[in-house]
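Residue-level structure breakdown
So you can see what is in the structure, the chains are spelled out below.
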Amino acid sequence: MCLRLYPVGGGPLGAEAYAGVLGLLGGLTPAVQALPPDAALADVRGALRYFGCDAVQLAAVIRVRALALYGVDAAVGVAGNPMLAQAAAREARPGGTLLVPDEPAAVREFLAGKPVGALDGVGPKAARTLCSYGLDSVGRVAAAPPAALRRILGARLGREVHERALGIDRTPVRPGAAARTIAAERAFDLDELDPARHRRALLSLTEELGARLRTREQGRGQVCRTLSLTVRCADRTTLTRTRTLGEPTAHTPTLTATAYALYEGLGLQRARVRALSLRAEDLGPAEGAARQLSLDPDDEKARRLEAVTDRVRARFGPHVIARGTLAA
């Protein structure tokens, strides 16, 4: 089961409400994985046996309690594995539950018409490669010979993509996984059409995440391996894209360039955007993290300036120094 959370009245989801819903889920099952900033996975198989109900009935109870206790509406996806549950939650309306029956035919029907880029693990490059062979939908990938996919994408990725196109996801729900992620969100006062304002919000998000990573864990600092962008549109649909970085980093310009690339890859055109959120995943200690040496003096200067800025903000407050683009 996957929940996506929507505060009643709009605006970003507060940390207190998010923690409350996670606690609500934790009272039903110990297998709860936070997916900041506004989602959670829960393995409820034990809870179904304990309470003697089905997943749709349990989802209705969770939605009512979340709304009554925390003022949060939930869109719930119910399926046999995390990948399908998350896909169902993205399509479910707030206050509704979308069930994907745990039957091969129903799973194939649910996935068949989706673009290949919607599959977990298929980034823009892999999607372009598959589309060049005419494999532009999940249904076509599922019907393709596994050997052909391995030749196109490589042995490991080809096997994983074929399994996911068939609805197979071996990833378990990982309780406590939120400790390996940090997230931030920017909500617009009005639904925003201007791409320049979208990019300005992304710059603000990468500035915040970069600073939090570099000062995390009592000043020791961390780096992230993966960056994930979620765009919430005016019609309450959400779009999410994830990219693995070339090397673990907390360097703001690298995070910004990756965030911009994820945004451009969505091809939003004139989309009315309600909120943007960015999540740094697969965190690890900065000490010992490998970094490709650069012979570019501008890059080294930017890193030194970044370190000085962090020290000034730590002493005088996070808003004492801001980029001119953000201060305008």
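Residues numbered from 1 in each chain as written. Predicted model: local features only at pLDDT ≥ 70, side-chain atom pairs only at ≥ 80, totals over all residues. Heavy atoms only, no water.

Here's the deal with the overall build of the chain
In plain terms, the rule: Secondary structure counts use DSSP, requiring at least four H or I residues in a row for a helix and at least two E residues in a row for a strand, with both numbered from the N terminus. Only heavy atoms enter the contact rule, under which two residues are in contact if any of them lie within 4.5 Å. In this description, accessible areas are obtained by the Shrake-Rupley approach with a 1.4 Å probe, and a residue is regarded as covered only by the protein chains that are shown.
Broken down by element type, the chain carries 13 helices and ten strands. When contacts within the chain are restricted to residue pairs at least 6 apart in sequence, those whose partners lie at least 24 apart make up 65%. When the accessible surface of the chain is summed, it comes to about 16800 Å², and 53% of that surface belongs to carbon and sulfur atoms.

Let's talk about the pattern of salt bridges
Rules: The working definition used for a salt bridge is a side-chain nitrogen of Lys or Arg within 4 Å of a carboxyl oxygen of Asp or Glu. In this scheme, a residue with accessible area under 20% of its type's maximum is buried, one over 50% is exposed, and one in between is partly exposed, where area comes from a 1.4 Å probe on protein chains only.
In total, this model carries 15 salt bridges according to the counting rule given. With a closest N to O distance of 2.4 Å, Asp38 and Arg232 form a salt bridge. Of this pair, Asp38 sits in the loop between strand S2 (32–35) and strand S3 (39–42) while Arg232 sits in strand S7 (residues 222–233), and the two are 194 residues apart along the sequence. Here the two residues Asp38 and Arg232 agree in accessibility, since each one is buried. When the shortest N-O distance is used, the salt bridge between Asp136 and Arg140 registers 3.0 Å. For Asp136, a relative accessible area of 37% translates into the label partly exposed. Salt bridges sharing partners connect three or more residues here, namely Arg4, Asp38, Glu185 and Arg232.

Considerations on the packing of helix H6 (residues 124–132) against helix H8 (residues 146–153)
Counted only if it meets this: Structural elements are reduced to axes, namely lines fitted to C-alpha atoms, with helices fitted over the stretch in contact, and the angle between N-to-C directions of any two is expressed from 0 to 180 degrees. Orientation categories follow fixed angle ranges, with anything under 35 degrees roughly parallel, anything over 145 roughly antiparallel, 65 to 115 roughly perpendicular, and all other angles oblique. When the near helix sits turned anticlockwise from the far one by under a right angle, the crossing is termed left-handed; a clockwise turn instead gives a right-handed crossing.
Contact geometry for H6 and H8: axes closest at 10 Å, N-to-C directions at 125°. The angle between the axes of H6 and H8 places the two elements in the oblique class. As for the relative orientation of H6 and H8, their crossing is right-handed in sense. Contacts between H6 and H8 involve Ala126, Thr129 and Leu130 from the former and Leu149, Ile152 and Leu153 from the latter.

Topic: the nonpolar core
Short version of the rule: Among buried residues, those of type Ala, Val, Leu, Ile, Met, Phe, Trp, Tyr and Cys that are joined through side-chain atoms within 4.5 Å constitute a nonpolar core.
In this structure, Leu84, Phe110, Val122, Leu130, Val141 and Val161 are the most contacted members of the largest nonpolar core, which totals 31 residues. Of all elements in the fold, only S3, helix H4 (82–91), helix H5 (104–112), H6, helix H7 (138–143), H8 and helix H9 (155–165) reach the threshold of two or more residues within this core. If you tally residues by element for this core, the top one is H4, at six residues. The residues contacting Phe110, other than those within four sequence positions of it, are Leu84, Ala87, Ala88, Glu91, Leu98 and Val100. Membership of the second largest hydrophobic core comes to 30 residues, among which are Leu202, Leu209, Leu213 and Leu268.

Here we look at the confidence of the model for the chain
Worth spelling out the cut-off: Each residue carries a pLDDT score, the predictor's confidence in it, ranging from 0 to 100.
Within the chain, residue pLDDT values average 83, and 85% of them lie at 70 or more. Element-level mean pLDDT values for the chain span from 55 in helix H13 (residues 324–327) up to 92 in strand S5 (residues 97–99).

Structural notes on the pairing of strand S4 (residues 72–78)
Of all seven residues making up S4, seven are buried, and the element is well covered by its neighbours. Neither face of S4 is exposed, since Val72, Ala74, Val76 and Val78 on one face and Asp73, Ala75 and Gly77 on the opposite face are all buried.

Quick word on the sheet that holds strand S1 (residues 2–7)
Through backbone hydrogen bonds, the strands of a sheet pair up, either in parallel or in antiparallel fashion. Put simply, the test is: When DSSP locates at least two bridges between a pair of strands, those strands are taken to pair.
Spatially, the five strands line up as an open sheet ordered S2-S3-S1-S4-S5, and their pairing is mixed. The sheet is open, and its two borders are formed by S2 and S5, each paired with just one other strand. Direction aside, the axes of adjacent strands within the sheet are offset by 20° on average. Of the strand pairs in this sheet, S2 and S3 are connected by four bridges, and their pairing is antiparallel. Across the sheet, residue Ala34 finds its bridge partner in S3, namely Ala40.

Examining the packing of aromatic side chains
Stated precisely, the cut-off is as follows: Two aromatic rings from Phe, Tyr or Trp, using only the six-membered ring of Trp, form a pair when their centres are within 6.5 Å; if the ring planes differ by under 30 degrees the pair is stacked, by over 60 it is edge-to-face, and anything between is tilted. Charges are assigned to positions over rings by a cutoff of 6 Å between ring centre and Lys NZ or Arg CZ, combined with an angular limit of 35 degrees from the ring normal.
Inspection of every chain in the model, using the stated rule, returns one aromatic pair. Over the aromatic face of Phe110 sits the side chain of Lys114, whose NZ or CZ is 4.3 Å from the ring centroid.

Observations regarding the environment of Glu16
Here Glu16 lies in helix H1 (residues 15–26). With a relative accessible area of 71%, Glu16 lands in the exposed category. Taking C-alpha positions, Glu16 is 8.5 Å from Tyr70, a pair spaced 54 residues apart along the chain.

Description of H1
Applied cut-off: Each residue after the first adds 1.5 Å to the expected span of a helix. This arc corresponds to the set of directions leading from the helix axis out to the C-beta atoms.
Spanning twelve residues, H1 covers 16 Å between terminal C-alpha atoms, matching the ideal 16 Å at 1.5 Å per step. Burial in H1 covers these residues: Ala17, Tyr18, Gly20, Val21, Leu24 and Leu25. Relative to the axis of H1, the buried residues are bounded by an arc of 160° and lie together on one face. Facing away from the buried side of H1 by more than 90 degrees, the exposed set consists of Ala15 and Glu16. Check the buried side of H1 and you find it contacts S1, S2, S3, helix H3 (55–70) and S4.

Considering the environment of Ala250
By the secondary structure assignment, Ala250 is in the loop between strand S8 (238–249) and helix H11 (252–266). The spacing of Ala250 and Val223 is 27 residues in sequence and 4.9 Å in space, taken between C-alpha atoms. Among residues more than four places away in sequence, those in contact with Ala250 are Gly210, Leu213, Arg214, Gln222, Val223, Leu255 and Glu306.

With respect to the side chain of His162
Mapping His162 onto the fold places it in helix H9. Judged by relative accessible area, His162 falls into the buried class, the value being 14%. Beyond its immediate stretch of four places on either side in the chain, His162 contacts Val141, Ala142, Ala144, Pro146 and Leu149.

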